[in-house]
Amino acid sequence: MQEKHLFEYAVIRVVPRVEREEFVNVGVILYCAKQKFLKALFITDVSRLCAFASDIDCDELKQHFLSLERICTGDKNGGPIAKLDMASRFRWLTATRSTVVQPSKVHPGFCVNAAETLEKLYTELVL
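Cut-offs and rules
Residues numbered from 1 in each chain as written. Predicted model: local features only at pLDDT ≥ 70, side-chain atom pairs only at ≥ 80, totals over all residues. Heavy atoms only, no water. Helix = DSSP H or I, 4+ residues; strand = E, 2+ residues; numbered from the N terminus. Rg over C-alpha atoms; globule rule 2.2 N^0.38 Å. Buried < 20%, exposed > 50% of the residue type's maximum accessible area, 1.4 Å probe, protein only. Contact = heavy atoms within 4.5 Å. Areas by Shrake-Rupley, 256 points an atom, 1.4 Å probe, with all protein chains shown as cover. Lys, Arg positive; Asp, Glu negative; His and termini not counted. Charge placed at Lys NZ, Arg CZ, Asp CG, Glu CD. 1 Å grid on protein atoms, 1.4 Å probe; cavity = no way out; pocket = protein on both sides within 12 Å on 5 of 7 lines; lining within 4 Å. Points joined across faces, edges and corners; volume = space filled by probe spheres on them. Nonpolar A, V, L, I, M, F, W, Y, C, P; charged D, E, K, R; others polar. Polar contact = N/O pair within 3.5 Å; in protein donor to acceptor, adjacent residues only side chain to side chain. Salt bridge = Lys/Arg side-chain N within 4 Å of Asp/Glu carboxyl O. Core = buried A, V, L, I, M, F, W, Y, C linked by side-chain atoms within 4.5 Å.

(A) Molecular detail of the overall build of the protein. Scanning the protein from N- to C-terminus turns up four helices and five strands. Taking 14 Å as the expected radius of gyration for a compact globule of 127 residues, we find that the protein reaches 15 Å, a close match to that expectation. For the C-alpha atoms alone, the extent of the protein along its principal axes is close to 50 × 30 × 25 Å. The buried share of the protein, reckoned over its 127 residues, is 43%. In the protein, once contacts between residues fewer than 6 apart in sequence are set aside, the share between residues at least 24 apart is 61%. Looking at the protein as shown, the accessible area adds up to about 7700 Å², and 51% of this sits on carbon and sulfur atoms. Within the protein, the 16 negative side-chain charges are centred at a point lying 6 Å from the centre of the 17 positive side-chain charges.

Okay, structure coming up:
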């Protein structure tokens, strides 16, 4: 039997008008310490978001998603947060904030393969 590892994830959502608390799920970030895994998947077609809220700058959203991905991977172009250790990057990415792009609360689970689990969560919660 394969060993299961603790993982944590958060859904990333776009909240066009924070005061209305309406949102669209746009991505998932998953962290598994034992597998040394931190990755995010985001929607690539932001046209649905633009239809949901016509005043959103879709190009700016794409850049925001790219920045989050760079931080996840520890890319040198991801700024000072990308230089932190994996756990600290995940905590920063999932910290509560009142902005247009927000994470959900962090949820735990157990998995055998973090990459497969991320794909499954992305399909269930975003697509």
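(B) Inspection of the side chain of His 5 at higher detail. For His 5, the location among the structural elements is in strand β1 (residues 5-14). Using a relative accessible area of 14% as the deciding quantity, one classes His 5 as buried. Contact partners of His 5, with chain neighbours within four places excluded, come to Cys 32, Lys 34, Gln 35, Gly 109, Phe 110, Cys 111 and Val 112.

(C) Expanded view of the layout of surface pockets. What the largest pocket holds in volume is close to 150 Å³. If you go around the largest pocket, the residues you meet are Ile 56, Asp 57, Glu 60, Leu 61, His 64, Thr 99, Val 100 and Val 101. Residues belonging to the lining of the largest pocket are distributed by class as follows: four nonpolar, two polar and two charged.

(D) Structural context of the environment of Asn 25. Tracing the chain through its elements places Asn 25 in strand β2 (residues 24-32). For Asn 25 and Ile 43, which are 18 residues apart along the polypeptide, the C-alpha to C-alpha distance reads 8.9 Å. Not counting residues within four places of it along the chain, the set of residues in contact with Asn 25 comprises Val 11, Ile 12, Arg 13, Arg 48, Leu 125 and Val 126. Looking at Asn 25, its side chain comes within polar contact range of the main-chain oxygen of Leu 125, at 3.0 Å.

(E) Summary view of the pattern of salt bridges. In the structure shown here, the tally under the stated rule is four salt bridges. For Glu 124, the salt bridge goes to Lys 120, with nearest N and O atoms at 3.8 Å. Within this pair, Glu 124 and its partner Lys 120 are both found in helix α4 (residues 114-125), separated by four residues, close to a single helical turn. The class for Lys 120 is exposed, based on a relative accessible area of 53%.

(F) Region of the structure containing the nonpolar core. Of all hydrophobic cores here, the largest spans 39 residues; its most connected members are Val 14, Val 26, Ile 29, Leu 30, Leu 49 and Phe 65. Mapped onto this core, the elements with two or more residues apiece are β1, β2, β3 (37-42), α2 (58-73), α3 (86-93) and α4. Here this core takes seven residues from β2, the largest share from any one element. Those residues in contact with Val 26, other than ones at most four positions away along the chain, are Ile 12, Arg 13, Val 14, Leu 41, Phe 42, Ile 43, Leu 49, Phe 65, Tyr 122 and Val 126.

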